[in-house]
Amino acid sequence: MSAVQLAAEVSGSLGSIGYGLAAIGPGIGVGIVFGNGTQALARQPEAAGLIRANQILGFAFCEALALIGIVMPFVFGK
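These numbers were taken from a predicted model, which means no experiment stands behind them.

Draft legend 1. Quick look at the overall build of the chain. If you tally the helices and strands in the chain, you get 4 helices and 0 strands. Burial analysis of the chain (78 residues in total) assigns 14% to the buried set. Carbon and sulfur atoms make up 72% of the accessible area of the chain, which totals about 5800 Å².

Draft legend 2. Main features of a nonpolar patch on the surface. On the surface, a cluster of nonpolar side chains totalling about 1000 Å² of accessible area is made up of Tyr19, Leu65, Leu67, Ile68, Ile70, Val71, Met72, Phe74, Val75 and Phe76. Of the residues forming the nonpolar patch, the biggest block, 9 residues, is contributed by helix 4 (residues 48-76). The residue Tyr19 is located in helix 2 (residues 14-22) in this model. Judged by relative accessible area, which is 30%, Tyr19 ranks as partly exposed.

Draft legend 3. Spatial organisation of helix 3 (residues 24-43). An ideal rise of 1.5 Å per residue puts 28 Å on 20 residues; helix 3 measures up with 29 Å between its terminal C-alpha atoms. Listed as buried for helix 3 are Pro26, Gly29, Val30 and Gly37. Buried residues of helix 3, seen end-on, are gathered within an arc of 100° and therefore sit on one face of the element. Facing away from the buried side of helix 3 by over 90 degrees, the exposed positions are Ile28, Thr38, Ala42 and Arg43.

Draft legend 4. Up close: helix 4. With 29 residues, helix 4 should cover 42 Å at 1.5 Å per step; its first-to-last C-alpha distance of 42 Å lies within 8% of that length. At Ile70, helix 4 is bent by approximately 25°, the largest bend along its length, and proline Pro73 sits one to four residues beyond. Residues Ala48, Ile51, Gln55, Gly58, Cys62, Ala66 and Gly69 constitute the buried set of helix 4.

Draft legend 5. Expanded view of the side chain of Gln55. Tracing the sequence through the fold places Gln55 in helix 4. Apart from the residues lying within four places of it in its own chain, the contact partners of Gln55 are Val33, Phe34, Gly37 and Thr38.

Draft legend 6. Highlighting the packing of helix 3 against helix 4. In contact at an axis separation of 9 Å, helix 3 and helix 4 are set at 175° when each is read in the N-to-C sense. In terms of axis orientation, helix 3 runs roughly antiparallel to helix 4. Side by side, helix 3 and helix 4 meet where Pro26, Gly29, Val30, Val33, Phe34, Gly37, Thr38, Ala40 and Leu41 of the first sit next to Ala48, Ile51, Gln55, Gly58, Phe59, Cys62, Glu63, Leu65 and Ala66 of the second. Residues of the contact of helix 3 with helix 4, tallied by class, amount to 12 nonpolar, 5 polar and 1 charged.

Rules behind the numbers
Each chain has its residues counted from 1, following the order in which its sequence is written. Only residues with pLDDT of at least 70 are given local features in this predicted model, and only at 80 or more are side-chain atom pairs given and counted; all residues enter the totals for whole chains, interfaces and linings. Hydrogens and water molecules were not included; the side-chain quantities draw on all heavy atoms of the structure. Under the DSSP-based scheme used, a helix requires at least four consecutive residues in state H or I and a strand at least two consecutive residues in state E, with every element numbered from the N terminus. Buried residues are those whose accessible area, probed at 1.4 Å on protein chains only, stays under 20% of the maximum for their type, while exposed residues exceed 50% and partly exposed ones sit between those limits. In short, Shrake-Rupley with a 1.4 Å probe defines the accessible areas, and a residue's cover is counted only from the protein chains shown. Only residues above 30% relative accessible area that lack a salt bridge enter a patch, with like-charged residues linked at up to 9 Å and the nonpolar side chains Val, Leu, Ile, Met, Phe, Trp and Tyr linked at up to 5 Å. When a carboxyl oxygen of Asp or Glu is within 4 Å of a side-chain nitrogen of Lys or Arg, the pair counts as a salt bridge. Helices are assigned an expected span. That span is 1.5 Å times one less than the residue count. It is the directions from the helix axis to the C-beta atoms whose arc is reported. Two axes are fitted around each residue, one to the seven residues ending there and one to the seven starting there, and the angle between them is reported as the bend at that residue. Any pair of residues with heavy atoms lying within 4.5 Å of one another is described as a contacting pair. Working convention: axes come from line fits to C-alpha atoms, limited for helices to the stretch in contact. Angles between N-to-C directions cover 0 to 180 degrees. By the definition adopted for this analysis, an angle is roughly parallel if under 35 degrees, roughly antiparallel if over 145, roughly perpendicular if from 65 to 115, and oblique otherwise. When residues are sorted by character, Ala, Val, Leu, Ile, Met, Phe, Trp, Tyr, Cys and Pro go into the nonpolar class, Asp, Glu, Lys and Arg into the charged class, and all the rest, Gly among them, into the polar class.

Right, dumping it as structure tokens:
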């Protein structure tokens, strides 16, 4: 199988591969946000409202990156 044939077979699923790679960053980010939020709640339970609000904000930003990763293959696709 030549390189051209291999590239032609892979080109149909490049969007899927791209989204899979784009989902890694937000997945790690969400884990960091909630992991550190849990530690903060354990250390300072009286600040639960502020910590929870910051967790939700951080989660929203991480998920926005994931949604951008979903849309980009469609925007640049052929």
